[in-house]
Each structure stands twice: as C-alpha cells, then as structure tokens.
Protein chains: 10
Amino acid sequence: MAQNGTSSGHPIATLEASLLPRLPSSSPILFAAKKSKNLSFETIASAISRSEVATAALFYGQAQATEEDIANLAKVLDIPESKLRETELLSFPDRGRSIDMPPREPMIYRLYEIVQNYGYAFKGVINEKFGDGIMSAISFSTKVEKEEDDKGTWVVITLRGKWLPFTRF
Amino acid sequence: MAQNGTSSGHPIATLEASLLPRLPSSSPILFAAKKSKNLSFETIASAISRSEVATAALFYGQAQATEEDIANLAKVLDIPESKLRETELLSFPDRGRSIDMPPREPMIYRLYEIVQNYGYAFKGVINEKFGDGIMSAISFSTKVEKEEDDKGTWVVITLRGKWLPFTRF
Amino acid sequence: MAQNGTSSGHPIATLEASLLPRLPSSSPILFAAKKSKNLSFETIASAISRSEVATAALFYGQAQATEEDIANLAKVLDIPESKLRETELLSFPDRGRSIDMPPREPMIYRLYEIVQNYGYAFKGVINEKFGDGIMSAISFSTKVEKEEDDKGTWVVITLRGKWLPFTRF
Amino acid sequence: MAQNGTSSGHPIATLEASLLPRLPSSSPILFAAKKSKNLSFETIASAISRSEVATAALFYGQAQATEEDIANLAKVLDIPESKLRETELLSFPDRGRSIDMPPREPMIYRLYEIVQNYGYAFKGVINEKFGDGIMSAISFSTKVEKEEDDKGTWVVITLRGKWLPFTRF
Amino acid sequence: MAQNGTSSGHPIATLEASLLPRLPSSSPILFAAKKSKNLSFETIASAISRSEVATAALFYGQAQATEEDIANLAKVLDIPESKLRETELLSFPDRGRSIDMPPREPMIYRLYEIVQNYGYAFKGVINEKFGDGIMSAISFSTKVEKEEDDKGTWVVITLRGKWLPFTRF
Amino acid sequence: MAQNGTSSGHPIATLEASLLPRLPSSSPILFAAKKSKNLSFETIASAISRSEVATAALFYGQAQATEEDIANLAKVLDIPESKLRETELLSFPDRGRSIDMPPREPMIYRLYEIVQNYGYAFKGVINEKFGDGIMSAISFSTKVEKEEDDKGTWVVITLRGKWLPFTRF
Amino acid sequence: MAQNGTSSGHPIATLEASLLPRLPSSSPILFAAKKSKNLSFETIASAISRSEVATAALFYGQAQATEEDIANLAKVLDIPESKLRETELLSFPDRGRSIDMPPREPMIYRLYEIVQNYGYAFKGVINEKFGDGIMSAISFSTKVEKEEDDKGTWVVITLRGKWLPFTRF
Amino acid sequence: MAQNGTSSGHPIATLEASLLPRLPSSSPILFAAKKSKNLSFETIASAISRSEVATAALFYGQAQATEEDIANLAKVLDIPESKLRETELLSFPDRGRSIDMPPREPMIYRLYEIVQNYGYAFKGVINEKFGDGIMSAISFSTKVEKEEDDKGTWVVITLRGKWLPFTRF
Amino acid sequence: MAQNGTSSGHPIATLEASLLPRLPSSSPILFAAKKSKNLSFETIASAISRSEVATAALFYGQAQATEEDIANLAKVLDIPESKLRETELLSFPDRGRSIDMPPREPMIYRLYEIVQNYGYAFKGVINEKFGDGIMSAISFSTKVEKEEDDKGTWVVITLRGKWLPFTRF
Amino acid sequence: MAQNGTSSGHPIATLEASLLPRLPSSSPILFAAKKSKNLSFETIASAISRSEVATAALFYGQAQATEEDIANLAKVLDIPESKLRETELLSFPDRGRSIDMPPREPMIYRLYEIVQNYGYAFKGVINEKFGDGIMSAISFSTKVEKEEDDKGTWVVITLRGKWLPFTRF
C-alpha cells in the first residue's frame, strides 16, 4: 500500500482552484484522488515507474500517459481505469498553457530569471562546446534532487536534452 | 599561453553587433579581445578560475568581477587593466536586460520552453521535497556538461540553488 | 465501416477541455463522436473526401463545411445531420482565435519559429522569384507527409498558395 | 561570371535601411555587394552550393557560414575574405531578432496567419501520424518553388523537419 | 414575408459560440432568430430601413437601436418586442470589445493591414486636402458593394466621415 | 512646371524627424525635395501618373516604384535619378513598420477604430454577399475624396480589393 | 417620486451583459433596479445627494457608499437595504478593473487620447504653475456639464484635484 | 520685453534629453530658446495669443502652428523665423507618440487613472445627458487653473469638446 | 469573543466578486465568515498569532497555513476545521496571480509606482551598503503602521528581507 | 574632504552604459564624477543633506534638485555649477522611464514581486486601518537600513507616505 504523505514531512501538493480553466479534464480527477489518498508525487512516481517531474507533469496535463501508466495510476490512486480513459490522458497533451509567462509564482519565476540572466551565457558556452544548434526540450529529461551541506539545503535541477545541430542546407 | 580556439573544434562565440545597445561598455571590449586572440570561454574560465557559464556571464555583463578577475582577464585577454577598470566590470551588474522575453533565439527559447512546460511540475515536486519556498537564483551556480551515449550527444545543464523557505510572520 | 484508430498505431487526437472556450459549438460535438468511434482524421478525411489538414481544421472550427460535408460527417461520425446543422459548421468560420500567439504548444511553436527565423529569407527569395506581392493564405492548400530515410523520420509540410502581386495604382 | 539580376526579371532583393539595427554587421556588407553586383539569391546560392533560402538566411544573419561559404561568398560578391571574417558570419547566429512578431510585412504575415489558422490542425494530423512529439525546426530544411497552372501562379513552400518524439522519463 | 437566405446564394452569417462572452445579451437573441428564420442582413436591413453594415453592427451590439428599430426587428425576426426591450438594444452600446486587436480573423485582419500599411499615406493625403484634423468615425457611415469586371470580383468598402479640424486654442 | 503648394491652400505634408528610424533611406530624400519645392502629393501623383495615396505610400516606403516612377520622380522633384536608384525605391518594400499599432495619431486611429467597431459587421455582410473568403489588401487600390454638403465637409475613403474565396481542399 | 427617464429625453444608461465579470456583485443589482424604474443617474444623484459622476461610479463599483448612501439608494431604487448590505457597496472598492486600457469604447477612448496627446503639455503647464508634484486623483472631484453655443453642443468635463508637491527628503 | 521665469516662482519647464527621439526637430529648438531666455509657457502663450496648454503642445510637437504663430514665436524666443520654418511646425503634427501608455510619469499617470477609474461613469452620465455619441478630442480645447481654499491648493483642468452624435445609417 | 468591526471604525475589508476567478477556493470561504462575523484582519491576526499582512495574505491565498493556523482560523471564524482542510490552505500557495500588473487599483498602484520611480535608487543604495545581491522577498516579513503628526496621517510600510549575495562560481 | 569608497567596503555604484538612453543628460555627468572621485551615495547624501535614496534618485533623474543641492553637488563632486545648471537637474523630472516594467533586474524585481504577492493584503490591511484611500507616493519618503542578527543580514526598507482619503463628491 502506498505511503501516506511525503517522505520529507511536508504537505503534499494539491491543485489550486483558480488554475482549473487552464488544465485538461484529467487534472482535477488526478489531484482529487491524490489529495484524498494523501499521496506524494514521489510515491506515485514510484508506483508508475516514471520520474517525479514526469509524474507531476502528467498531473498538470503536460505529458502523455501510456496504457500502462493508466493502469498504474488507476491502481495507486484508486480511480476506475475507465474514468481515466475518458480524459485526455492517453491522447496528445496541449502543452504550455498552464502558466502565463512571465510566471508570477515566485518558485517558477526563479527558473525564468535564470533563463533571463544566463540565457546568452548558456548559449555561448553551449555553442563553443557543441557547435551551432540547440539542446532539445523534447528529447529531454529532467530531475530534482536535494543536497545538504554546511551552507544549507540546496535544490539541484538537472536538465538533459539531446544535442541537435542546425542542418546545413 | 592560452589555447587557441575551442577544445571541441567549433568556432569561438563572438558578439553580434545588434546586441550592443543592450550590453554594458565592458562587453564589446572583452569580446573584441576574445575574438582577436581566438579564445574560448573554457580557456578564459580556466585562466580566471571561474566556471565557464560565470565567465560567459561576465562577458555579457550579467556577473560582477572582482579585482582578481580584472587582473586575470587583463592578462589572458591582453587588455590593459586600467581599460577594464573604466568599464562597469567591478561595479554592480544591471542584470536581465540582454534578452527580450520570450527569447527569440532558438537555443535560449528551449530553456524558456522547459520552464513553460514543466514549471508547475517543478514547483509541485520541489514543494513536496522542501516545503513552501523557492530555489534561489542568487545563491546559485550552474554548469554545462556534454554526455555521449549510443543515442547521441546530450547537453546536461545543472542548476543548483539554495533552498529558501518562506518566512512565517 | 470506418477503420478503428490511426493507421500509424498512435492514439487518435482528441479535444482538450481547456480549449473549449475558444472553439465553436461544433467542435465538442465532432470531437466527442471522433473519440467515441475512435476515428483518425485520416479516416474521416477519406470519408468526406477532403484533405487531412482541412478535416482537422473543420473540427477546430477553422474551415467551412458544405452541405455534402455535413452529410458525410454525419454518416462517418454517426451524428444526426440536424444536430450538425444547428452548429456553425455551414456558416462562416471565425478563424484564428483557437491559438494564442506566440503559440505555447511546442509542436505549433516550431512552425512559428520557422516564420520568426526564416521570415525575411522567405520574403527575399519569393520577391526575387515572383516580384512584389504575397503568397495567399486564402487561395491556399496544405498537406502533411511522412518521409523515412536512414537519418530518421521526417515531417514534410507543404504550403501552396496563389501568388498575388500588389496592384499598381 | 555570375548572372546579372534575377532569372525572373524581377529586381533583386536589397536591404531596407530601417532593418539595420536588428541585423549583424555582416548583413550590410553582404547586401551592399549583392546590390552593387546586381546578384540574385539564386545566383549566389548556386555559387556557394547552398539552397536559396539558406543563402538568404545567411544574408539576414540567421544561418552560420562555414569556411568554404566564406571563400565562396568572397568570390561571388567580390569582397575580401578578411572583411567577411571580421563579421559574425563564421560564429553562431543570434537568430530570431530580425522580425517583430506578429510580423507586419504582408508576405511574412501570411505565413504567420497559416500557423494561427491551421496550428491545431497541423498538430492533430501530425500527432496521429507520428505520435507525441514535434517537427524539428533545427534539423530542418526548406525550399520555395514556383508552379504555374491554368488557375494562376503558385508559391509552394516545403518545410521538412526531423520527427522528434517526446522522451518518456 | 421576408426572403429566405441570401440573395447571393451563400449561407447566412450566424453567431459563433465562442464570441458570446464579448457581446451584449441582445446578440444571441437576434442571431438565434436570424438563423431560425434564415434571414440575411440584407433582408433585415431592408425591413428596418437601415444599411446592411449598420444592421450587422446592431446584431453585434455596436450600434444603438431606436424604438422604431425595435418594432421593425421584432416584426421581421418574430421576436416579442418586450423581449428585445429587456436587452441593451435601446441603450448605449459599449462599443469596440467584440474584437481583440490585432484581429485574428483573416477578413478583418485585411482591413487592419490596410490601416497598418497605408495609415501615413492616408494621413498625408487627407492633411493636404483638408488641413489639420481627422475624419470622424462617429459622424460616419459606411457601405459594402460588389463589383464585377473581367479581372474578377471586387469588394468595395466606402468609408464616409465628417471632416473635423483641430480647434485652435 | 509643377504647381506650388496644395490646391486646397493647406500646407503640404512633410516628414516628422522622429519617424525616420522607421522608414527606408528613400523617405528623407523624397520628403526633403518635396518640402524644398513645396509640392503636394496631388501634384506629384499627377506628374508620375499614380494615385495620390499610392504616391504618398511611395514616400513612406510602403509601395514599390518602377523604372518609370523613378524617372518621373527624379524630374518632378529635381533629384538625380542615380540618387534615387541607390535607395530601396526599386526594390521590394518592407511594409507595415512605419506605424505602431494601435496607432497613436488621431487621424490614423479613427481608421483603426472603424475596424475595431465595425469589423464583425463588415465580415458578416461580406460573407453573405460573397461567401467564405476575404477582401484582398494586395490586389487592392484606394482613394480619398472630398465631398461637401449642407451638413459640412466629408472625407470619403474607398477601399477596393479583389474577392478571394477560401480554397476547398 | 423619482422622475421617469432622463431630463434630456435620451434613454437611460443600462448595464451591458458582457461587462458583468469585471464588476462587483452590487452592479447588476443596482442597474437592474435603475432599468426597471427607468431612473437616470441625475435623478438618483439628486436622491442620494451625490454628484452624477460619483453616483455612476457607485453603480460601476468604483466608489464607496456610506450607510446613508445605502439608505438613500434603497429608497430611490426600491431595493431592500439588506440586499445592498450583502454586496461590496459599503466596503472598499477594487477600482480600475472595469476597463481594459487602452479603452476600446469610443467615448472613453477620447479621454484617453487627450491624455496621450496633451499629457506632457499638462505636465509642463502644471509644473510651472504649481512646482514639482501631481494633481491628486484621490482627493479629487469631477463633473460633466453641457454647454450650447452657436457652434453646437459642448461637453465640458471639469477635473479638480488637490495639488500634492513631492516631498523633499 | 518678456517676463523672466514663471509668475509662480517655480522653475520653468525644460526638455529632458531622453525624450528627444520621440519629438519633432522643432522641439529641441524651441525648448533651448525657452531655457536660454528663461521664459514660462504663460509668458510665451501670452506673446503668441494662444492658451498655455496649446502653447506647451506646440513645444512638444502636438499642435500645428500658423504663420502668425511662427512670427510670434520667433520674436518672443529670439529665433530666426527661417529656422522655425525649416522644422515641422507649420506642417501637420504626428500626434500621440511623445508618451508611452500607460504613462509612467506620476503627474500624467493621475490623468490616466482618472480615465481608468471613472471612464464608464463619464460615459454613463454623458450618454444620459447627450445621447449616443462622443465628446470630441479634436474640436476641443482645454485649460489648467489654480484654486486655493482653506483645504489647500487645487489643480482644475477643464476639458471642453464638441458633442458628436453617432450617425444613424 | 472576537471584537466586532475594526478598531479604526472603518468598515472591514470584504471580497469583491469579480476577483473570485483569481483566488483559491479557500478565499470565498474565509471572506464570507469574516464578513458574517464582521471581523477585521487585526482581530483575526491576533487570534491566530500572525501579523496582519500575513493574515490578509492567507485570505487572498498568498500564504501557507499551518495546522495550528487552521485550528485558530476555524475557531475565530466559526468554520468547521474539516471545511478549511478541504481547501488549499495547508498546501503550497500558487502566488502572484491575484493581481494583473501594472495594478489598476490606485492603492496598489502607488506601491508599483514607488518601484518604478525609485527602483534604481534602491538598487544603487543597497548595492553600496550590502554588495552584489538582492533583498529576499521570501525570507521576508512586512508590516503596516499608522503615524500621526501635525502634517497629517501617514502610512508606514516596512519591508524586511534577508540579504542574499550572488554566489561567485 | 569626502570619504573615498563606501563605508561597507563594497565598490561604489556606477552607471551602466546601456541605461543612458533612458536618463536625463545630468545622469552621465553626475555618475562620471562620482566614479572619478570614488564617492558613495552615503557620502554624497551627507554632503548635500539629503537622504541616500533621494540622492540616488537625483543621480537617476527621478528627483528635483534645489539651488542649494546644485551648489552642494558641485562642491562634493567637483563639477562646475554652471555645468550642472545646463542639465535638467533644477527642472521637473520626467519620472518613471528609467525602468521597464516588470523590472528585469533581480534586486528591483524582488520589490515588484512583493507588490505582486502582497498587493491585496496591503490594501486590505490599510483600508481597515485608514479607510478608503491611498498611501501617497508623492508626499512620501523612504530609507534603506541594514540589520544584523543571528539569522543573518537584513535589508530593511521603510516606505512612509501620507494617507489620502478618497473625496466624497
């Protein structure tokens, strides 16, 4: 049986009502079950064998579920599979509309600020290391880790994307 | 003597003229020397004992130099120290104005897209792991690495920021 | 009887709930039937003798249906003709409001990025080939094709629009 | 010796003064030579063995030149190689800033309008044909062709991009 | 009895559901009756002795109705007068909110593009003909006509506004 | 010899300095000559056999000149032809950038307001008269006329554009 | 008993449905009663001993009501006081959200245009007359008057605000 | 001889350098003379027999000068008439571009805030007093006055514009 | 028992209906109880041992509640704890979406104006006092106080945030 | 003689070149002298008997100088008084244009974020304490202080503005 709450002791993340008009119909169903069973993304991720961020992205309608994901989600969240199948979960996400940019949420704004401040620095370093191209945000994965040292607690986000060189034509 | 060109064999990054009105007066001086001596950010970073991204950020006016940085930059770039001291390098950067958001440059846009698509997922996972707060973009460091596997070449960006919980008041 | 699912084996496209306020009343009716009968745009396009993109545009309220289209759609989707006639399908589409620009959906953004990066290059080449004028987006058709070669799978989009020279007056 | 003017008999494309602040320093040099020698993009493309659109993109600072491109451009445009090497041509383009979006130029706006009107239709059809992913605008090529039939003259633009599926993580 | 359909044989214009939140409560009532009785703006305009464009503007909540208009609309549309009186029709329109600018609808965008491209040319010519002032959009009328010649079919829009000179003070 | 001033007795239109960065290099040359010789657009239009609005559009860089236009402009404005040939006049205009939208100039704003207020009314009437399509702003001409009646002076602008039906595909 | 209709013979102002989501819950209640009893702002203002503009501002949720206003409004509008007390009328208005700026309504736009055209002229004259500071929009009143002369009818709006000098610190 | 300084004892208004790119070439000439001779708008207005606000609008390029204004301005400001004639003063102002909206200047913002807060209240009251139409901002004059009472000093701005009813057509 | 009304004698703050779509589901519940019991933020803050501003932020969904806050809120507001637990109160706030920026509310705009006018002055002074870094808005508290002196009544807002120096990396 | 550098040991604040087009002509003069003499705002503020923030605001063109300020600035900065008198320092500042909002500079953004997150909380608390009105940003002063405690270093900003109640009219 799935673990109650988060391993950190913090409350679980739930869905704010005012965000609903920006999300697919699967989101309120998934979040309601998550809240009712008091499950963390970590626990759910483990139950569906996906990463934590990808799991959260599924909840926010920003990632596609497979048949197996549906089965696993149904089990861990105690939702009838048929109810999940009626939503957009198995179809193609309409990504990017959950947030207005610039993001007003302070946590998300910090990531935006990193792009704003270091954007050209990243581009310069990446161009010199890899050539003329981009880091893919599609052929891509990411994770969040916690580090502790004597200076405090650190959030470490890793972004890993395929290198795609511009085609010469 | 500093190594010529990049270790990857790609050209070095230079400064595009149309970006000039958005940058401090130090940027064209630094980039002109970088180009003339054909030095990579990697080489310069090593010469000034800072990370590659921080070094590039210095060139784009998004980071502060110390006295020692000035001395080292002057040496590796063959610029009189006094000329560097006349610029804004030692003072406080006016960050964030080098890029118009949303970024139009494809490489930088991909980072923006990651924030747009995964913003709430990052927030959800981070909140559950750390509580109510943010990852600092100030008490922060970042690096770019290259990985190769049988699926291709990968850009790996690590973002490491201090965890700051909201004050209860 | 219409073929179940897509010929590619991928799921069919369905309608995301949060898009509804931007679409005409015909869209949820058409998509509900498409989902319930598990039909691809390819299958429906073939049943109504229109191109795939035009068929999808009908579903998103961006193209006008003829009487014959209504009859064919009613048949393939198993919807009473009268129900379709009550919608805006036969009238004049109010185009362009389904998407906020810049598009936040990564697939659609790539098309936008092509315009952003190559816009002036297209204009320069077209002006030299055709003179002073535009490629019509009205007297216009388009198609999507798949190509496979040893470098991978390719999406090929063809845009074909009438040449309209500026009137001299 | 390069052919004078365009093969269509239309004037060649030149650079409008008011666009200069948005372009790299290579653009006015290339366009001045193009104008002075009255060369079309077609002629130049043929001289440097690149496609017409890629050649125009080089002129607008939206594509990277190789050493060989520099040599060929220098020859066909009668510009000293050293002068081209002083520009950003061999370095990494800072793409996407030549145009303000939405584009105000009528020819470029029509392409934007196609994305605005058919964006979701393209996404729907592509998702069903290819799955969850995007058409790359990086691993990408494009061309412009002219067709004539009894209904008039047609501009045909082909966009060909690599299919990139979203990574499951 | 009012003529069924349009004199051109095209379908009548109806109201798209997604536009409703931008319109007064009179619009859905008027459009529902127009659709149910299959009446063109031409027919209704004739029945209420107003121009076609003004009639359509009434339907979209952009013009004020008189008592007589109400009586005539009630008759031709077969709506109880009292029902029309309950709406905003007799009061003062809250103009300009039916469209987001720039307009995304291709037909309306073309009018916007004319202003964008020829705005200063209109101003220059009008200033020289009339002096320092404006063409009123309030003391104003407009009409749409069709012309046919051997080059095709032409839409002719006439804008007629009172000349208002700037007051010298 | 060209007539001095305008036939209306109003001053001629000249170029405001702050508009220069938005215009091609031909504009200040043309306007300087127009001012120095005190010529109206009416006089110049007559000398180059084009309409007044098209002539003003040439001055604002929003229309293309032919070889004959150049010869005529050179003559009426007393500018060496070679000087005009060095500008963008014979090439392809980069239209639409002379004005920021919404226009802040009161005269031009009134045209914008007409689109904002009557946009859907025009679309509705045009759709019923012509079907599903647009009025071309490319295969297009326009003129400005003055009418006087007992209610005052009226500006009459006629917009005449080719009807373009949407292609069925 | 309150006078029916307006003293000018024009219809009374009512509330447009599409404005509702921008207004407090008191607005539809007040406007419904105003419409039902056919009362002008002039009549209501007189009944509640406030100015006409302040009265209209109360209806649009842009001014605070006192206990006495509630009693008077209840009486003149025939609404139970308790019903008015349940609304936001006695609390603190959340001003400024009823209009999107720039205003699209032509009457309101004219006021905006006056600020746009004469803003710096007002500032220059006010600075010279009063020093460095502002005219308060808070310690402020305004009124609308009608003047007739042989040139026509004039709207006269008076804005009267306290002079606030910048503090020297 | 013109009075030195302002009658209020406050400094005169001068031109801020950063505003120059938004103004016609006449503005720096007029303001330089105003500063050099230390003249207030009040003094200049009196010398040219125009109102203070109109005089300031002339200086900011937002009003047209007559031949007589030129003569008077030349005299009071001690500028050769010919120098003023070379500017745009006698031609048609390109109004509205001196300020970015929303205005950031606190004094001008207060006027904007009045429109934002009381816009609908003004419209409602004006509609009831005058009918369906607008207060002209063209056939318009305005003045600034100072009032003192025991509550302090008051700025009184009067806006007086012609009433223009919407044409019924 | 909690004190009725505010200690200042002013009405209590309540929730404006039009703000609801921007707030979490807890806000209408909390504000309804606050209104029904006529409690000020001061009274509630005292009952839950938090500061007034933090308490108001809880009501607007901009701060996180602890278990103890829930218990205290339930008691002072007479709401069942379970009802509060069903809301987002214990979870992580989605901050920043309650206000559109620039704020249109005059009181909130004044704070925005302070940032706009004094932003660089604050930065300059803070940089010189503290070095290169920021004042945290997360590790942060704030309070509002009233001061009276012979010049009037003063609002004093104190912002207290942790100093965070930029990491050197 | 004025103290060299800052009392904190941090470098002094200087002017970034890219900010120049947004500032009055006095700013580069003042900052050049400040840099050349290595003076902090604290030292200069003390020399001119104004607060640090007001002094910095003078340097950024956001505050007005008196005759005495000019004399003191000239002395401490070693600039001829006449040179300062030629600038806008004694005239009326054109405030608010030094920063684009939202601010991109991280330090200034934090202040903006405080308004964004706590705006309604401030309004609610202030309304209950003071009534319906605003805190003036004109009759206003502010200061920055440093506090140290065992949790670290704190920036304390105090905003003190006059309370202005809305006029009842």
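Note that the coordinates shown come from a computational prediction; the quantities given were computed from them, not determined experimentally.

**Student:** Which parts of the structure should I look at to understand the packing of helix H3 (residues 52-59) of chain G against helix H6 (residues 106-130) of chain H?
**Tutor:** Across the interface, H3 of chain G lies against H6 of chain H with an axial gap of 8 Å and an inter-helix angle of 120°. When the axes of H3 of chain G and H6 of chain H are compared, the pair comes out oblique. H6 of chain H is crossed by H3 of chain G, and the crossing has right-handed handedness. Contacts from Glu52, Val53, Ala56 and Ala57 of chain G of H3 of chain G reach H6 of chain H at Tyr118, Ala121, Phe122, Val125 and Lys129 of chain H. For the contact of H3 of chain G with H6 of chain H, the per-class residue count stands at 7 nonpolar, no polar and 2 charged.

**Student:** What is the right way to look at the pattern of salt bridges in this model?
**Tutor:** Once the charged atoms of two side chains with opposite charge are near each other, the side chains can pair. All told, the structure shown has 170 salt bridges over all chains when counted by the stated rule. The shortest N-O distance in the salt bridge between Glu113 of chain E and Arg110 of chain D comes to 2.7 Å. Of this pair, Glu113 of chain E sits in helix H6 (residues 106-130) while Arg110 of chain D sits in helix H6 (residues 106-130), on two different chains. Like Glu113 of chain E, the residue Arg110 of chain D is buried in the burial classification.

**Student:** I keep staring at the relation of the copies chain I and chain J and nothing clicks. Help me out?
**Tutor:** Structural alignment of chain I on chain J gives an RMSD of 0.0 Å, achieved by rotating through 180° and translating 0.0 Å along the axis. Taken together, these values place the two copies in the relation of a two-fold axis. Looking at the rotation axis and the C-alpha trace of chain I, the residue lying nearest is Thr158 of chain I, at 2.3 Å. A shared interface surface links the copies, since 100% of the contact residues of chain I are contact residues in chain J too.

**Student:** Looking at this structure, I do not really get the environment of Val115 of chain A. What am I missing?
**Tutor:** Here Val115 of chain A shows up in helix H6 (residues 106-130). Sequence separation of Val115 of chain A and Arg95 of chain A is 20 residues, and the distance between their C-alpha atoms is 19 Å. Leaving out residues up to four positions away in the same chain, Val115 of chain A has contacts with Ile99, Met101, Ile108, Leu111, Tyr112 and Val115 of chain B.

**Student:** Quick question: what am I supposed to make of the arrangement of the chains here?
**Tutor:** The two units chain D and chain G never meet; even their closest C-alpha atoms stay 19 Å apart. Structurally, chain C and chain J remain out of contact, their C-alpha atoms never closer than 19 Å.

**Student:** Where do I start with the packing of aromatic side chains in this structure?
**Tutor:** Where two aromatic rings form a pair, the distance of their centres and the angle of their planes describe that pair. Residues and elements named next belong to chain H. Enumeration over the complete set of coordinates arrives at 110 aromatic pairs over all chains. Relative to Trp163, the ring of Phe130 has its centre 5.0 Å away and its plane inclined at 35°; by these criteria the two rings are tilted. With Phe130 in helix H6 and Trp163 in strand E2 (residues 152-165), this residue pair connects regions lying 33 residues apart in the sequence. Of the two residues examined, Phe130 and Trp163, each falls in the buried class.

**Student:** It is not clear to me how the side chain of Thr55 of chain C should be interpreted in this structure. Could you clarify?
**Tutor:** All names here are of chain C. As for its position among the elements, Thr55 is in helix H3 (residues 52-59). Its relative accessible area of 0% is what places Thr55 among the buried residues. A distance of 2.7 Å separates the side chain of Thr55 from the backbone oxygen of Ser51, its partner in a polar contact. Ignoring anything within four residues of it in the chain, the contact list for Thr55 reads Phe41, Ile44, Ala45, Ile48 and Arg50.

**Student:** What's the story with the interface of chain I and chain J in this structure? I'm lost.
**Tutor:** Quoted interface sizes are often the accessible area lost when the parts come together. Each side of the interface is counted separately: chain I has 76 residues, and chain J has 76 residues. In this assembly, chain I and chain J are joined by 10 salt bridges. One salt bridge connects Lys129 of chain J with Glu52 of chain I, and the closest N-O pair in it is separated by 2.5 Å. Going through the elements one at a time, helix H2 (41-48), helix H3 (52-59), helix H6 (106-130), strand E1 (133-149) and strand E2 (152-165) of chain I are the ones with two or more residues in the side of chain I that touches chain J.

What counts and how
- Residues numbered from 1 in each chain as written.
- Chains lettered and ligands numbered in written order.
- Predicted model: local features only at pLDDT ≥ 70, side-chain atom pairs only at ≥ 80, totals over all residues.
- Heavy atoms only, no water.
- Axes fitted to C-alpha atoms, helices over the stretch in contact; angles between N-to-C directions.
- Helix = DSSP H or I, 4+ residues; strand = E, 2+ residues; numbered from the N terminus.
- Parallel < 35°, antiparallel > 145°, perpendicular 65-115°, else oblique.
- Left-handed = near helix turned anticlockwise from the far one by under 90°.
- Contact = heavy atoms within 4.5 Å.
- Nonpolar A, V, L, I, M, F, W, Y, C, P; charged D, E, K, R; others polar.
- Salt bridge = Lys/Arg side-chain N within 4 Å of Asp/Glu carboxyl O.
- Buried < 20%, exposed > 50% of the residue type's maximum accessible area, 1.4 Å probe, protein only.
- Least-squares fit on C-alpha atoms with pLDDT ≥ 70 in both.
- Phe/Tyr/Trp six-rings, centres within 6.5 Å; stacked < 30°, edge-to-face > 60°.
- Polar contact = N/O pair within 3.5 Å; in protein donor to acceptor, adjacent residues only side chain to side chain.

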